[in-house]
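For reference, the chains in residue letters:
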Amino acid sequence: MDMKLELVAVPVTDVDRAKEFYVERVGFHADHDYTVSDEIRFVQLTPPGSACSIAIGKGLTEIVPGGLDNLQMVVVDADIARADLVGRGVEASDVDQQPWGRFVYFSDPDGNKWSLQELPAWSAGAGGDGVDPQAGA
């Protein structure tokens, strides 16, 4: 049986500020913005090319704003992704080279932490054979 992760709630304090950050600065697509009641507002945003979206809003989660500390997205090129973020006004880390990929880190205005991973060439997700040449070395 397939199971597909399609929506992750991201806790924020100011929905409009967070929406502006994710859409204007990070480049997410704004899918929905519905005010259901005085207690519930649902905003769905999707990263370009992703099958999984995030939900920000009011009354969606009990997680403390800023409480997510490692949301991760895969990118083709960490250097290009970093340059795009910085060019849009996002404070992003330098590219962090690891044996399992190249990473760029940033946080949203509430402190929810994100990482962008460029998969290593050997990774099946990057078109490789899935065998780490360093494994067992």
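Once a new chain begins, its residue numbering starts again from 1 and follows that chain's sequence as written. Under the rules for a predicted model, residues below a pLDDT of 70 receive no local features and side-chain atom pairs below 80 are neither given nor counted, while totals for whole chains, interfaces and linings still include all residues. Side-chain metrics rest on all non-hydrogen atoms present in the structure, leaving aside hydrogens and water.

### Side note on helix H2 (residues 78–87)
The condition is simple: Exposure classes here rest on a 1.4 Å probe applied to the protein chains alone. A residue is buried below 20% of its type maximum, exposed above 50%, and partly exposed in between. Strands are runs of DSSP state E lasting at least two residues, helices are runs of H or I lasting at least four, and both sets are numbered from the N terminus onward. To obtain the arc, one takes the directions from the helix axis to the C-beta atoms. In what follows, residue pairs with any heavy atoms lying within 4.5 Å of each other are defined as contacts. In protein, a polar contact requires one atom able to donate a hydrogen and another able to accept it; more generally it is a pair of N or O atoms within 3.5 Å, and residues adjacent in sequence count only if both atoms are side-chain atoms.
What H2 keeps buried is the set Ala-78, Ala-81 and Leu-85. Each buried residue of H2 sits inside an arc of 65° when the element is viewed along its axis, so together they form one side. Turned more than 90 degrees away from the buried face of H2, the exposed residues are Ile-80 and Gly-87. Contacts made by the buried residues of H2 are with helix H1 (15–26), strand E5 (71–75), strand E7 (101–107) and strand E8 (113–118). Two to three positions downstream of the cap, the backbone nitrogen of Asp-79 sits 2.8 Å from a side-chain oxygen, assigning the N-cap of H2 to Asp-77. Gly-89 sits one or two residues past H2 and shows a positive phi near 95°.

### Digging into the sheet that holds strand E2 (residues 29–35)
Within a sheet, neighbouring strands are paired by backbone hydrogen bonds and run either parallel or antiparallel to one another. For clarity, the threshold we go by: In this description, strands pair whenever DSSP reports at least two bridges between them. The angle between two axes is taken between their N-to-C directions and runs from 0 to 180 degrees, where each axis is a line fitted to C-alpha atoms and a helix contributes only its stretch in contact.
Read across the sheet, 4 strands follow the order E1-E4-E3-E2 without closing on themselves; strand pairing throughout is mixed. For this open sheet the edge positions go to strand E1 (7–9) and E2, each flanked by a neighbour on one side alone. On average, each strand axis in the sheet is inclined to that of its neighbour by 20°, with strand direction left out of account. Pairing analysis gives 6 bridges linking E2 to strand E3 (residues 41–46), with the strands arranged antiparallel. Bridging across to E3, Thr-35 finds its partner in Arg-41. Docked against the sheet, H1 engages E2, E3 and strand E4 (53–58), running at close to 10° with respect to E3.

### A word on the side chain of Gln-117
Looking at the secondary structure, you find Gln-117 in strand E8. For Gln-117, the side chain forms a polar contact with the side chain of Gln-72, separated by 2.7 Å. Residues in contact with Gln-117, not counting those within four places in the same chain, are Gln-72, Met-73, Val-74, Val-75, Trp-100, Gly-101, Arg-102 and Phe-103.

### Here we look at the packing of aromatic side chains
For clarity, the cut-off: Classification of ring pairs uses Phe, Tyr and Trp, with its six-membered ring standing for Trp, and accepts pairs whose centres are within 6.5 Å; under 30 degrees between planes counts as stacked, over 60 as edge-to-face, and the remaining range as tilted.
Within this structure, the stated rule accounts for 7 aromatic pairs. With 5.2 Å between their ring centres and 80° between their planes, Phe-21 and Tyr-22 make a pair best called edge-to-face. The pair Phe-21 / Tyr-22 is uniform in exposure class, with both members buried. Centre to centre, the rings of Phe-28 and Trp-114 are 5.9 Å apart; their planes meet at 80°, and the pair counts as edge-to-face. Remark: Trp-114 occurs in strand E8 and Phe-28 occurs in the loop between H1 and E2; sequence separation between them is 86 residues. Just as Phe-28 is buried, Trp-114 falls in that class too. Chaining the aromatic ring pairs together yields one cluster made of Phe-21, Tyr-22, Phe-28, Phe-106 and Trp-114.

On their own, these measurements won't tell you what the molecule is for.
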